[in-house]
Each structure stands twice: as C-alpha cells, then as structure tokens.
Amino acid sequence: MRFVKGHGTENDFVILPDPDGVLDLTPEAVARLCDRRAGIGADGVLRAVRTKAADVDADAEWFMDYRNADGGIAEMCGNGVRVFARYLVDAGLAPPGEWDLATRAGLRRVTLGPSGDVRVEMGRPRLLGPGEATLAGASFAGERVSVGNPHLACRVSEPVAALDLSRAPDFDPAVFPAGVNVEFFRGVGERHVEMRVYERGSGETRSCGTGTVAVAAAAAGGVADGAEWIVDVPGGRVTVVLDGETSYLSGPAVLVAEGETRPGWL
C-alpha cells in the first residue's frame, strides 16, 4: 500500500492515494497505520479518492475520506484539508490555485501555490451555547461550537502548558452524543490566543485546524469583523479570519516522506 506522510503544525497524517476507491480501509487498518510504535504513526488517515469513485455527490474532483487514529470516521479536519490539498498539488493531481475539495462536512475551498502555506475556507462556525468539561477534577466552562464537527472551547486564565491532558476531559455525553474535541485557550494579546486540544479518537494532538477556528469564534464572542486571529498551538501557529459569512484558516502543510507498506503487513 502506497502512502505519503505529512503534517500541518505537527498535526500529522498518513495519506493513502486511492483514486479509484479500491482500498478496503477498515478501522483496524487505520489504527495500525496510525500506531506510533508498531505502525507509521499519525493522528489520522487521509484517503484520497475521486468523488465519483467514492459515490459522493459533490461538484469537486477529490473527496477527503478522513479517519481518526482509532479508526473512527470524522466529518472534517482543518489541518488535514491543507495537507490533503498540498499532496494533490505535489503529486500533479491538482493545479496550484483555488478549487474545492469534498469532505463529509461539505465542500471546502482551498487556495495554494506550488509550495508554502495553504488557505482553506472553513464555513461559518456556529456558536451553540455553553458547555462544560472536567479535567483532573476541575470544571471548565466552555462554548459549544460546530465547525462541521463538534467542539467545546474552554477559556482558561493560566498558561495552557500547565494543563494535564494525559487523560481525556470528561463531558456530558447527552450534550455530545458523538463525542467532542475539547480545546483549552487563553488570550495572550489582541486577537491572539494560545490553545491545546484533546481530540476525540486521537487524544491530545499538536494542533487541530477546526479547533483553532472554534477557539477564534469563542474568543471573539460571536463578533465576526473580518479581522485576523492568531492561534498558537504546540505545533506552531495558524491564522483564522471570521467575516460573518464564513471563516478562513491559513497555515503550513508539509509533506515529509513517502513509501510502501510491506506486503501482508496490514
């Protein structure tokens, strides 16, 4: 099985080229690929399949089939979209410029050159009201946000580096029946926040693209004036723009390796 490894602010992915949709990608296979000791290692898998082969009704050539590290299917991944788009251009499967990608959360428009950062139109984040997470016995008030997938963005007053995210935060499963990505963020300047995230199905990751949009929306308190927000994550920095109609996420997308899995390994 051919693969490419890439990351966006150290949120890393195994990309599986499957233009004709012939791979039988089981949850067990995904988990094994993402295993950091016995596999390639990643926060998730991006299967690159043409929309027609995936039986996806969308006005785009490519569908990003995203799976979390535990093999579970997810709706969207902002860092994954950037890495996915960079892979398509690097492999000669799409031209530099501006075009749409299909995801389970709908079409996402990407803008990119032959190299460098990638910009993704992420849609309008929806603030859904208050929520609460519990971490190490402490309760954190947050804002429920949908960016095509569920988030709980919790503002904290202390540096986020002090938090212990070795275990999953607790939340009300009646409020989040499909699970939730939990972000903890702190303001460090004007329209500038730092953030850490515990992703459903993956654990703490070095970055979460949809999470940075959710945090910017929560930090802005629903004000979308087109200004740029800077979001620092353990793996680097991204920028988010909220204009009231949609949102834009910009940041790096880096391809680091490619190869073949050994026959029979999966």
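Owing to the predicted nature of the structure, the values given are computational and were not obtained by experimental measurement.

Asker: Tell me about helix H3 (residues 209-220), and name the residues and values.
Answerer: The end-to-end C-alpha separation of H3 is 17 Å, in line with the 16 Å expected for 12 residues at 1.5 Å each. Where burial is concerned, most of H3 is hidden: 12 out of the 12 residues are buried. Buried within H3 are the following residues: Gly209, Thr210, Gly211, Thr212, Val213, Ala214, Val215, Ala216, Ala217, Ala218, Ala219 and Ala220. One or two residues past the end of H3 sits Gly221, with phi positive at roughly 65°.

Asker: An account of the pattern of salt bridges is needed here, citing residue identities and associated values.
Answerer: Following the criterion strictly, the structure yields 19 salt bridges and no others. A salt bridge links Asp12 to Lys5; the shortest N-O distance between them is 3.3 Å. Lys5 matches Asp12 in its accessibility class, with the two residues each being buried. For the salt bridge of Asp18 with Arg47, the shortest nitrogen-to-oxygen distance reads 2.7 Å. Of this pair, Asp18 sits in the loop between strand S2 (11-17) and helix H1 (27-34) while Arg47 sits in strand S3 (residues 44-50), and the two are 29 residues apart along the sequence. Residue classification places Asp18 among the buried residues on the basis of a relative accessible area of 2%. Residue Arg47 is classed as buried on the basis of its relative accessible area, which comes to 11%. What emerges from the salt-bridge pattern is a single network uniting Asp18, Arg47, Asp65, Arg67 and Arg104.

Thresholds applied
Residues numbered from 1 in each chain as written. Predicted model: local features only at pLDDT ≥ 70, side-chain atom pairs only at ≥ 80, totals over all residues. Heavy atoms only, no water. Helix = DSSP H or I, 4+ residues; strand = E, 2+ residues; numbered from the N terminus. Expected span 1.5 Å × (residues − 1). Buried < 20%, exposed > 50% of the residue type's maximum accessible area, 1.4 Å probe, protein only. Salt bridge = Lys/Arg side-chain N within 4 Å of Asp/Glu carboxyl O.

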